[in-house]
Amino acid sequence: MKTLVWVEHDGQAIKDATLSAVAAASKLGSVDLLVVGQSVRGVADAAARIANAEKVKLAEAEAYAHQLAENVAPLVQQLMVEYDAFIAAATTTGKALAPRAAALLDVMQVSDILSVEGEDTFTRPIYAGNVIAMVKSSDAKKVITVRSTAFDKVAATGGRGMVEVVSVTGDAGLSTFEGQEVAESSRPELTSAKIVVSGGRGLGSAERFAEVIEPLADKLGAAIGASRAAVDAGYVQNDHQVGQTGKIVAPEAYFAIGISGAIQHLAGMKDSKTIITINKDEDAPIFQVADIGLVGDLFAIVPELTGKL
Ligand code: FAD
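These numbers come from a predicted model, not from an experiment.

What counts and how
Residues numbered from 1 in each chain as written. Predicted model: local features only at pLDDT ≥ 70, side-chain atom pairs only at ≥ 80, totals over all residues. Heavy atoms only, no water. Axes fitted to C-alpha atoms, helices over the stretch in contact; angles between N-to-C directions. Helix = DSSP H or I, 4+ residues; strand = E, 2+ residues; numbered from the N terminus. Parallel < 35°, antiparallel > 145°, perpendicular 65-115°, else oblique. Left-handed = near helix turned anticlockwise from the far one by under 90°. Contact = heavy atoms within 4.5 Å. Buried < 20%, exposed > 50% of the residue type's maximum accessible area, 1.4 Å probe, protein only. Arc of directions from axis to C-beta. Pairing = 2+ DSSP bridges. Nonpolar A, V, L, I, M, F, W, Y, C, P; charged D, E, K, R; others polar. UniProt positions renumbered as here; feature names shortened; annotations may be inferred. 1 Å grid on protein atoms, 1.4 Å probe; cavity = no way out; pocket = protein on both sides within 12 Å on 5 of 7 lines; lining within 4 Å. Points joined across faces, edges and corners; volume = space filled by probe spheres on them.

This brings us to the packing of helix α5 (residues 206-220) against helix α8 (residues 298-308). Packing of α5 against α8 brings their axes to within 9 Å, and their N-to-C directions diverge by 30°. Overall, the two elements α5 and α8 adopt an arrangement that is roughly parallel. By crossing handedness, the relation of α5 to α8 is classed as left-handed. Judged by residue contacts, R208, V212, P215, L216 and K219 of α5 engage L298, F299, V302, L305 and T306 from α8.

Okay, structure coming up:
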């Protein structure tokens, strides 16, 4: 099969999730990459070095400056004449683009795959990750989003693909870019961090969340996560939410502090390599998935742990 993989980037650097999407695509066949933007030749050159990439299709136009999905989807439709599958990571950007491309191609998207079982067969989570469904697509062209935590990233360097400039489709006239607010943080990005320290309702307030969680995260060089209850209560901004309706993470180490372990939270973190939890209720469901569990008051345990580190 010939696959085309969406390269997610910010105009400068390629997002790690792309490397997982390439890993999934490699299981289907040959891999070409698609770089879209304005003045993004540097990104295309970097993409050409990704392992397994044969060719990088580069589409540059003013209409692509902000990679609006409405403008990029017709481009994907145009390019798909040559390909059997279009693959994007199941990120915010990928989830905006892929369904639009699928609709234009008149095929059904296969979302959030966990594995490639064959050229038309995939597994994907349903019921908040409690059931893994095996699905088969009979569409001639596949449009697939990939859960990046389920695929080991390919190397970002070592490939020797060539860059090919493609003709552009221009402005679809459906949306305009008004502005963006980018959260600045010196901490690692939540979905790619090696260590995540998450706090829940047990923290009790925004002040105590900051006092207890931040020093531990700083000591460990970790990203900060949160349960939805903590986000809803205003302890922390919603881009920190982990879970079914938040971000999916699978770090080397995940700390769940004052988090009960509702299935919707587990859906976002249960594939973490080592789960460490601190909770005063020894019957909290989080202990069922934890590798290391401490029963006790987080306000005593976490500062002590941070101090010892
Ligand atoms: P609680 O369940 O209230 O747990 C707090 C825990 O803190 C308790 O276990 C308690 O024992 C412990 N604790 C309290 N004080 C201390 C202390 N001093 N020391 C130690 N431990 C202490 N939730 C998510 O997280 N992410 C999602 O994406 C998400 N999506 C959802 C989608 C839907 C459709 C629905 C219906 C729900 C969703 N939820 C999600 C909500 C989820 O069901 C839970 O309500 C939520 O995860 C609970 O958050 P929590 O564990 O912080 O709070």
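Buried residues of helix α2 (residues 41-48): V43, A44, A47 and A48, and no others. Projected down its long axis, α2 carries its buried residues within an arc of 140°, all on one side. Considering only its buried residues, α2 is in contact with β2 (30-37), β3 (53-60) and β10 (162-165).

The next thing to look at is the pairing of strand β9 (residues 142-146). Taking burial as the measure, the five residues of β9 include five buried ones, the bulk of the element. Taking every second residue as pointing to the same face, both faces of β9 are buried, with K142, I144 and V146 on one and V143 and T145 on the other. With five bridges joining them, strand β4 (residues 85-89) and β9 adopt parallel strand pairing. Residue pairing for β9: A89 is matched across the bridge by V146.

What follows covers the packing of helix α3 (residues 69-79) against helix α4 (residues 92-105). Contact geometry of α3 with α4 gives a least axis separation of 8 Å together with a crossing angle of 45°. It follows from the interaxial angle that α3 and α4 lie oblique. The way α3 lies across α4 gives a crossing that is right-handed. Within the contact between the two elements, α3 uses A69, E70, V72, A73, P74, V76 and Q77 and α4 uses A96, L97, R100, A101, L104 and L105. Its residues assigned to classes, the contact of α3 with α4 shows 10 nonpolar, one polar and two charged.

Let's shift gears to unusual backbone geometry. Excluding glycine, most residues fall at negative phi; most peptide bonds, likewise, are trans. Phi at D106 is positive, roughly 60°, even though this residue is not glycine. Residue placement: D106 occurs in the loop between α4 and β5 (109-113). One non-glycine residue, Y127, lies in the positive phi region at around 50°. By the element assignment, Y127 lies in the loop between β7 (121-126) and β8 (131-136). For Y127, a relative accessible area of 64% corresponds to the exposed category.

Once that is clear, we can look at the UniProt feature "domain: Electron transfer flavoprotein alpha/beta-subunit N-terminal" (unreviewed entry) in the protein chain. The UniProt entry lists residues 3-181 under the feature "domain: Electron transfer flavoprotein alpha/beta-subunit N-terminal" (unreviewed entry), expressed in the numbering used here. What you have in residues 3-181 is 24% helix and 30% strand, and the ends, taken at the C-alpha atoms, are 33 Å apart.

A few words on the layout of surface pockets. Each pocket or cavity is described by its volume, and for the second largest pocket that value is around 280 Å³. Residue lining of the second largest pocket: 18 residues in total, with S227, R228, A229, A262 and H265 positioned closest to the centre. Looking at the lining of the second largest pocket, the elements with two or more residues in it are α6 (228-232) and α7 (263-269). Here the lining of the second largest pocket is composed, by residue class, of four nonpolar, 12 polar and two charged.

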